[in-house]
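Summary of the model geometry
What follows is each chain in one-letter form.
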Number of protein chains: 2
Amino acid sequence: MASEFDLIDRYFKRKAPAGMLGVGDDCALFAVPAGMHVATSTDLLIEGRHFFADVDPRALGHKSLAVNVSDLAAMGAQPIGCLLGLALPQVREPWLAAFADGFHAMALAAGCPLIGGDTTGNPGGLAISVTVFGAVYPQAALRRDAARPGDDIWVSGVLGEADIAYRLLSGQMPADDALLARTRAALEWPQPRYALGQALAGLAHAAIDISDGLLQDLGHILRASGVGARLRMDDLPVSPALAGLPADRLRHAVLAGGDVYELCFTAPAAHGDAIRAAATHAGVAVSRIGVIDADEALVVLDADGAPLPDLPRGFDHFRST
Amino acid sequence: MASEFDLIDRYFKRKAPAGMLGVGDDCALFAVPAGMHVATSTDLLIEGRHFFADVDPRALGHKSLAVNVSDLAAMGAQPIGCLLGLALPQVREPWLAAFADGFHAMALAAGCPLIGGDTTGNPGGLAISVTVFGAVYPQAALRRDAARPGDDIWVSGVLGEADIAYRLLSGQMPADDALLARTRAALEWPQPRYALGQALAGLAHAAIDISDGLLQDLGHILRASGVGARLRMDDLPVSPALAGLPADRLRHAVLAGGDVYELCFTAPAAHGDAIRAAATHAGVAVSRIGVIDADEALVVLDADGAPLPDLPRGFDHFRST
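Residues numbered from 1 in each chain as written. Chains lettered and ligands numbered in written order. Predicted model: local features only at pLDDT ≥ 70, side-chain atom pairs only at ≥ 80, totals over all residues. Heavy atoms only, no water.

We now examine the overall build of chain A. Looking only at helices and strands, chain A features nine helices and eleven strands. Taken over the C-alpha trace, chain A has a radius of gyration of 20 Å; the compact-globule value for 321 residues is 20 Å, and the two agree within 12%. The principal-axis extent of the C-alpha atoms belonging to chain A is close to 65 × 55 × 30 Å. Just so you have it, chain A exposes about 11900 Å², and 52% of that area is on carbon and sulfur atoms. Averaging the coordinates of the 24 positive side-chain charges in chain A and doing the same for the 37 negative ones gives two points 1 Å apart. (Helix = DSSP H or I, 4+ residues; strand = E, 2+ residues; numbered from the N terminus. Rg over C-alpha atoms; globule rule 2.2 N^0.38 Å. Areas by Shrake-Rupley, 256 points an atom, 1.4 Å probe, with all protein chains shown as cover. Lys, Arg positive; Asp, Glu negative; His and termini not counted. Charge placed at Lys NZ, Arg CZ, Asp CG, Glu CD.)

Printed below as a string of structure tokens:
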């Protein structure tokens, strides 16, 4: 095995941005703009649980950082940098090079450079730990406990694709190459909404990314804020890639499908135009899907205004549905 | 399996310190004192590689955070908080309770509260990811590249115990219960030198913790600073717990034994008294073990002033010696 230090240097050491101390000391150092707080989040990704062992390493590098940048977006924070922990069952350099490429490309796009980390062996399988840092004015942060009755509920992008792609790849749905081709990018190359998230800071109230599924993650906002919600099924932005799927499969994918890095957020109705303008500027579609109620319940209404029975639960993780 | 959210709440959710947003949102939020930079570091600990599967979970919780706090100490940073990622093969609640106890006790002692994290299942074995944050004035940070010719080289605490305890526990040395009893705490309950580290900021030049062994880690300082070093073997603070061991075993443990969370640091000779006073105030012994040379070599001198031949290399990780 090449030494840990060689590997770090070869694939992960980049010149640190001005004013930062990056990879190669006991700690990385970075400054925070005056008046802003540090927003930070960490995710562990485990082979066989959060990704398939044979996934394209470039996509995996991208996604490892993307899911964390998505947490910054859901807080309204501007990315500063990230740390990467890699536990590798073996050193395959082409794999590592592709992983690093995907990771660094995401870092460059989001303005979230790699500034430190840790590399180790792990006979038990690949484990990836990413920690991100961003900056946000504390009064403008999009906290889960900030939803208010009367807020509109919004979601970015389209829903359902990642769930279907996962079911196709794991054999839970019969093989369908055309459908897989239309949905796979949502699962493997999610696009975190960092530009939208920053634009929403100070404009929206609460936000969350829907990595555990729309209903479960919206539920976190509702519980933290002590409010409820009414969603309109017909207003949910179902991906056009899913046209033709059975209605119950579609409904489950849209309401409970996880691994989605779109933002669900709430905002005063009076901010509707400003939100549409911010979304246009960020290049992201947004849909108004319901309203926050004072009553602590979560209902989804059908086209006739009747509550859907038997709402699917969200899930804890990738494989538990 | 209890749900991820229940587990997080039960064992890891603590009231966030004033002015911080802790566990339970997309990100944790914290402020940084004006003029200071954020110091951050992450470590991945893997079952079978960084710890034995049957280690006392309270000790493991302690050590998981301690080795990261040690990186803040080696930067001269004041701890702010930490994130914990846990990938668990199964949920055994007594294990989790003990792990959390050890972790929180270290967090309380170091002033480094848990403010966020991630929990997931992992059939492949236990993996622990910890990220720490601290604050340091950038001019005072103890960087690896800051050693200067003429600096004294210092080390805190005593050396050699963790290496011997590891060899006893892994069967690389014949069983010796008395020796294990004297050395085991150094391996399982390392005490990071955060008070000393903060006191050295602005007083010392370069610092590092010797988690990879004295020679290897001092080597990192030398390479980063473009200097060399002469150490005096007789000045190294060999642990009295190791009395009676063969000389070659002892020498290897002291020079190359890893998993040591003492600080090795360099400072101008004129700061010797101030350093001794800072160490006394921090309650940590320090020893002056050599000097930094302009010449880029690392030599260890015996009692007669002759360089020791065949210096042991350090190691990449726990099991690779």
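We are not done yet, so read on.
Okay, the UniProt feature "binding site: ATP" (unreviewed entry) in chain A next. UniProt records the feature "binding site: ATP" (unreviewed entry) at Gly117, Asp118, Arg144 and Ser211 of chain A, using the numbering of this structure. These annotated residues cover 95 residues of sequence, and their C-alpha atoms sit far apart, with the largest distance between any two at 31.1 Å. Turning to its location among the elements, Gly117 of chain A is positioned in strand β4 (residues 114-121). On the basis of relative accessibility, which here comes to 44%, the residue Gly117 of chain A falls in the partly exposed class. Once residues within four sequence positions are removed from consideration, Gly117 of chain A is found in contact with Leu83 and Leu84 of chain A together with Thr42 of chain B. Counting through the fold element by element, Ser211 of chain A comes out in the loop between β7 (207-209) and α7 (214-225). Within polar-contact distance, the side chain of Ser211 of chain A engages the side chain of Asp209 of chain A at 3.2 Å. (UniProt positions renumbered as here; feature names shortened; annotations may be inferred. Buried < 20%, exposed > 50% of the residue type's maximum accessible area, 1.4 Å probe, protein only. Contact = heavy atoms within 4.5 Å. Polar contact = N/O pair within 3.5 Å; in protein donor to acceptor, adjacent residues only side chain to side chain.)

Listed by partner, the interface residues are 58 residues for chain A and 58 residues for chain B. Summing both partners gives a buried area of about 4600 Å² for chain A against chain B, and 58% of it is carried by carbon and sulfur. For the chain A face of the interface with chain B, the top three residues by lost area are Asp26, Leu29 and Leu44 of chain A, together amounting to 15%. On the surface where chain A and chain B come into contact, there are four salt bridges. Between Arg144 of chain B and Asp25 of chain A there is a salt bridge, with the nearest N and O atoms lying 3.8 Å from each other. Across the contact surface, chain A and chain B share 20 residue pairs in polar contact (both at pLDDT 80 or more). The greatest single-element share of the side of chain A that touches chain B, amounting to nine residues, is contributed by strand β2 (residues 37-46) of chain A. Tallied by class, the residues present in the side of chain A that touches chain B amount to 26 nonpolar, 20 polar and twelve charged. Pairing between strand β1 (residues 28-30) of chain A and strand β2 (residues 37-46) of chain B: three bridges, direction antiparallel. Looking across to β2 of chain B, one finds that Ala28 of chain A is bridged to Thr40 of chain B. (Buried area = accessible area lost by both parts, 1.4 Å probe. Salt bridge = Lys/Arg side-chain N within 4 Å of Asp/Glu carboxyl O. Nonpolar A, V, L, I, M, F, W, Y, C, P; charged D, E, K, R; others polar. Pairing = 2+ DSSP bridges.)

We now examine the packing of aromatic side chains. All names here are of chain B. For the structure on display, the rule yields eleven aromatic pairs over all chains. Their ring planes at 10° and their centres at 5.3 Å tell us that Trp95 and Phe99 sit as a pair that is stacked. In this pair, Trp95 and Phe99 both sit in helix α3 (residues 93-110), four residues apart, roughly one turn of the helix. Assessed through its relative accessible area of 13%, Trp95 is described here as buried. With relative accessibility at 0%, the residue Phe99 sits in the buried group. Here Phe99 and Phe103 contribute two aromatic rings whose centre-to-centre distance is 6.2 Å and whose plane-to-plane angle is 25°, an arrangement assigned as stacked. (Phe/Tyr/Trp six-rings, centres within 6.5 Å; stacked < 30°, edge-to-face > 60°.)

Below, the discussion takes up the UniProt feature "binding site: Mg(2+) 2" (unreviewed entry) in chain A. With numbering aligned to this structure, UniProt lists the feature "binding site: Mg(2+) 2" (unreviewed entry) at Asp43 and Asp71 of chain A. For the residues just named, distributed over 29 residues, the greatest C-alpha separation is only 9.6 Å, placing them together at one site. With a relative accessible area of 18%, Asp43 of chain A lands in the buried category. In this view, Asp43 of chain A contacts Val67, Asn68, Asp71, Ile128, Ser129 and Val130 of chain A together with Asp118 of chain B; residues no more than four positions away in its chain are not counted. Along the chain, Asp71 of chain A falls in helix α2 (residues 57-73). Once residues within four sequence positions are removed from consideration, Asp71 of chain A is found in contact with Ser41, Asp43 and Asp209 of chain A together with Asp26 and Cys27 of chain B.

Turning to the relation of the copies chain A and chain B, a few remarks are in order. Overlaying chain A with chain B gives an RMSD of 0.0 Å, the required rotation being 180° about an axis along which the chain moves by 0.0 Å. With respect to symmetry, the two chain copies, as superposed, fit the operation of a two-fold axis. Among all C-alpha atoms of chain A, that of Gly124 of chain A lies closest to the rotation axis, at 2.3 Å. Taken together, the interface assignments show that 100% of the residues at the interface of chain A recur at the interface of chain B, consistent with an identical surface on both copies. (Least-squares fit on C-alpha atoms with pLDDT ≥ 70 in both.)

Read from one edge of the open sheet, five strands run β1(A)-β2(B)-β5(B)-β3(B)-β4(B), paired in mixed fashion. The sheet is open, and its two borders are formed by β1 of chain A together with β4 (114-121) of chain B, each paired with just one other strand. Neighbour-to-neighbour, the strand axes of the sheet open up by a mean angle of 20°, direction not taken into account. Of the pairings in the sheet, the one linking strand β3 (residues 78-88) of chain B to β4 of chain B comprises seven bridges and is parallel in character. Bridge pairing in β4 of chain B places Leu86 of chain B opposite Thr119 of chain B. Contacting β2, β3 and β5 (127-136) of chain B, helix α2 (residues 57-73) of chain B runs over the sheet at an angle of about 35° to β5 of chain B. With respect to the sheet, α3 of chain B is in contact with β3, β4 and β5 of chain B, its orientation differing from that of β3 of chain B by roughly 165°. (Axes fitted to C-alpha atoms, helices over the stretch in contact; angles between N-to-C directions.)

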